[in-house]
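Residue-level structure breakdown
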Amino acid sequence: MKNLMFAGCDIVKLAEKYKTPLYIMSEDYIVERLREIKNDFLNRHEKTRAVYASKAFLTKEMARIVHREGIGMDVVSGGELYTAMKAEFPMEDIIFHGNNKTIDELELAIENNVGRIVVDHIEEMDLIEEIAKEKNKKVYILFRISPGLESDTHKYIQTGQVDSKFGIPLTEKTISSAMEKALNLEFTELLGFHFHIGSQLSDNENHIKAIDIMTKLMKKVKDEYGFITKELNTGGGYGIHYSEDEHRKPLSYYTDSIMIEIEKQCKSYDLERPLIIIEPGRWVVGEAGMTIYSIGAIKEIPGIRTYISIDGGMPDNPRPSLYEAKYEGVIINKIHEEPTEIVTIAGKCCESGDILIWDLKIPKVERGDFLGVLSTGAYNYSMSSNYNRIPRPAVVMITEGKDRLIVKRETYDDILRNDL
Ligand SMILES: *Cc1c(COP(=O)(O)O)cnc(C)c1O
């Protein structure tokens, strides 16, 4: 076999059938991760819930898979919520986040009875209460707390530090005004707290520190307001394999330590342990995906560097240009050929920053060979754009060795669709 096999498929055949660039997702891999959540978290610990952070990768088919496997979903926009609705995802299993939910988005969420809304700032409660009253609905909320922790990840994907656009800062004054407001609402009920400290975290240290900070908060609001925390949402952020020095750990590496710490801290403060929620996104889908490109222009700058250009780049994967994310790539039709060259993989956009991979070791290639970039299941399709008016690639899902199209390739007319 000279071609790469992925999820039981000859990837070259898929590239020829669906054209490139092409996103390929393995349903078997996604289901394996969702079942790991069930077996190693939900079934191992009582009073727990899991939701998939849909911003990592969401289509109607993905929503159906997540629901079929019995996992909930979090959304951060009206568009994600609408996708879930159209996939008939049960609204009570939805958690709605966002640092600036618009009134329209809140109305859509409340009208459709989403399970939880995570309040990001104090005034948001006024908006929620007003809409809930108007629609005569009961709304359950959690407070997103910014625990003041710096996590060891790129600064654009840190989210729990003091200076953050996310969450209610943990200061005496803000917490007391948030609590006083929440406890006086009629249509809105506070159930507990949420934190999400960052993404692509390779150790569990900051989750443990955040639990300590949150249990202290739970103790304080119990003493001062008689408020019993019923739910604690511990966010996501579990890392995956992208390149040699980044590896996916089993879910239990994070969740067992979260559960041990919460039990310990609740015991020491004499608190009843709340329901614990987790929200992994990248960890569920990241390694399930790969992107296939065709190689075009090859430019050798003698003594400096060889640029291999592909038929995609920044519009289908903005992460390298956004935060210097690293990826591994392989020539999928020359999988067993000796890697003899060190090249740089360039996207086709009019931006010097549109470089997908620096210094990749590959065999000698020519126009028409296929490059596969690995671990593109998370934050690729969901972050894609039409920059340079490039149509978005199709998405193909593979299940037990069988491929099916789940998102059609965009056409030039799709790009013109809303032009007047
Ligand atoms: C993005 C996000 C997640 C998931 O993050 P991953 O790093 O993909 O696991 C979970 N919760 C919230 C609130 C988020 O914004």
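Residues numbered from 1 in each chain as written. Predicted model: local features only at pLDDT ≥ 70, side-chain atom pairs only at ≥ 80, totals over all residues. Heavy atoms only, no water.

**A short note on the overall build of the protein chain**
- Regarding its fold elements, the protein chain presents 12 helices and 20 strands.
- Taken over C-alpha atoms, the radius of gyration comes to 23 Å for the protein chain, in line with the 22 Å a tight globule of 420 residues would show.
- With respect to the three principal axes, the spread of C-alpha positions in the protein chain is 70 × 50 × 40 Å.
- Considering the protein chain as a whole, with its 420 residues, one finds that 56% of them fall into the buried category.
- Excluding contacts between residues fewer than 6 apart, the proportion of contacts in the protein chain whose partners are at least 24 apart in sequence is 70%.
- Entry remark: accessible area of the protein chain is about 18900 Å², with carbon and sulfur atoms responsible for 50%. (Helix = DSSP H or I, 4+ residues; strand = E, 2+ residues; numbered from the N terminus. Rg over C-alpha atoms; globule rule 2.2 N^0.38 Å. Buried < 20%, exposed > 50% of the residue type's maximum accessible area, 1.4 Å probe, protein only. Contact = heavy atoms within 4.5 Å. Areas by Shrake-Rupley, 256 points an atom, 1.4 Å probe, with all protein chains shown as cover.)

**What about the environment of L251?**
- Structurally, the position occupied by L251 is in helix α9 (residues 251–269).
- Overall, L251 belongs to the buried group, its relative accessible area being 0%.
- In this structure the C-alpha to C-alpha distance between L251 and Y238, which are 13 residues apart in sequence, comes to 7.8 Å.
- Excluding residues that lie within four positions of it along the chain, L251 makes contacts with E36, I37, F41, Y238, I278 and W283.

**Some details on the packing of helix α8 (residues 205–225) against α9**
- For the pair α8 and α9, interaxial distance at closest approach is 9 Å and the crossing angle is 30°. Classified by the angle between their axes, α8 and α9 sit roughly parallel to one another. By crossing handedness, the relation of α8 to α9 is classed as right-handed. Contacts between α8 and α9 pair H207, I208, I211, D212, T215, K216, M218 and K219 from the former with Y254, S257, I258, E261, I262, Q265, C266 and Y269 from the latter. (Axes fitted to C-alpha atoms, helices over the stretch in contact; angles between N-to-C directions. Parallel < 35°, antiparallel > 145°, perpendicular 65-115°, else oblique. Left-handed = near helix turned anticlockwise from the far one by under 90°.)

**Examining the domain arrangement of the protein chain**
- Under the domain assignment used here, the protein chain contains domain 1 (5–24 + 287–410) and domain 2 (97–280).
- For domain 1 versus domain 2, the distance between C-alpha centres works out to 36 Å.
- Contacts between the two partners involve 8 residues from domain 1, matched on the other side by 9 residues from domain 2.
- It is E287, Y323 and E328 that lose the most area in domain 1 upon contact with domain 2, and together they represent 55% of the buried surface on that side.
- At the junction of domain 1 and domain 2, the tally comes to 1 salt bridge.
- At the junction of domain 1 and domain 2, the tally comes to 5 residue pairs in polar contact (both at pLDDT 80 or more).
- Class assignment of the residues belonging to the side of domain 1 that touches domain 2 gives a composition of 3 nonpolar, 1 polar and 4 charged. (Domains from an automatic or database assignment. Buried area = accessible area lost by both parts, 1.4 Å probe. Salt bridge = Lys/Arg side-chain N within 4 Å of Asp/Glu carboxyl O. Polar contact = N/O pair within 3.5 Å; in protein donor to acceptor, adjacent residues only side chain to side chain. Nonpolar A, V, L, I, M, F, W, Y, C, P; charged D, E, K, R; others polar.)

**Concerning the UniProt feature "modified residue: N6-(pyridoxal phosphate)lysine" (unreviewed entry) in the protein chain**
- This chain's UniProt record puts "modified residue: N6-(pyridoxal phosphate)lysine" (unreviewed entry) on K55.
- With respect to the secondary-structure elements, K55 resides in the loop between β4 (48–53) and α3 (60–68).
- Residue K55 is classed as partly exposed on the basis of its relative accessible area, which comes to 33%.
- Apart from residues lying up to four places away in sequence, K55 is in contact with V76, E80, Y379 and S382. (UniProt positions renumbered as here; feature names shortened; annotations may be inferred.)

**Remarks on the pattern of salt bridges**
- Taken as a whole and assessed by the stated rule, the structure comprises 32 salt bridges.
- Note that E27 and R68 form a salt bridge whose closest N and O atoms lie 2.9 Å from each other. Note that E27 is positioned in helix α2 (residues 27–42) and R68 in helix α3, a separation of 41 residues in sequence.
- Residue E27 is classed as buried on the basis of its relative accessible area of 4%.

**Comments concerning the site of the ligand**
- Taken together, 15 residues surround the ligand, and among them K55, S199, E279, R282 and Y379 come closest.
- S199 has a polar side-chain atom sitting 2.2 Å from an oxygen atom of the ligand.
- One of the backbone N or O atoms of G237 is found 2.8 Å from an oxygen atom in the ligand.
- Protein contacts shield 95% of the accessible area of the ligand, which totals 380 Å² for the unbound molecule.
- A class-by-class count of the residues in the shell around the ligand yields 3 nonpolar, 7 polar and 5 charged. (Near = heavy atom within 4 Å.)

**Describing the pairing of strand β5 (residues 72–75)**
- Alternating residues of β5 divide into G72 and D74 and M73 and V75, and every residue in both groups is buried.
- Pairing of β4 with β5 involves 3 bridges; the strand directions are parallel. In the strand pairing of β5, A53 is matched with D74.
- Considered for its hand, the β-α-β crossover made up of β4, α3 and β5 is right-handed.
- Handedness of the crossover joining β5 and strand β6 (residues 94–96) through helix α4 (residues 78–86) is recorded here as right-handed. (Pairing = 2+ DSSP bridges. Right-handed = clockwise from strand over helix to strand, strands pointing away.)

**Notes on α4**
- Listing the buried residues of α4 in full gives G78, E80, L81 and A84. Looking down the long axis of α4, one finds its buried residues gathered within 165° of arc, a one-sided arrangement.
- Those residues of α4 hidden inside the fold are in contact with β5, β6 and α5 (103–111).
- Sitting at the head of α4, S77 places a side-chain oxygen 3.3 Å from the backbone nitrogen of G79.
- After α4 finishes, the residue E88 shows a positive phi value of roughly 60°. (Arc of directions from axis to C-beta.)

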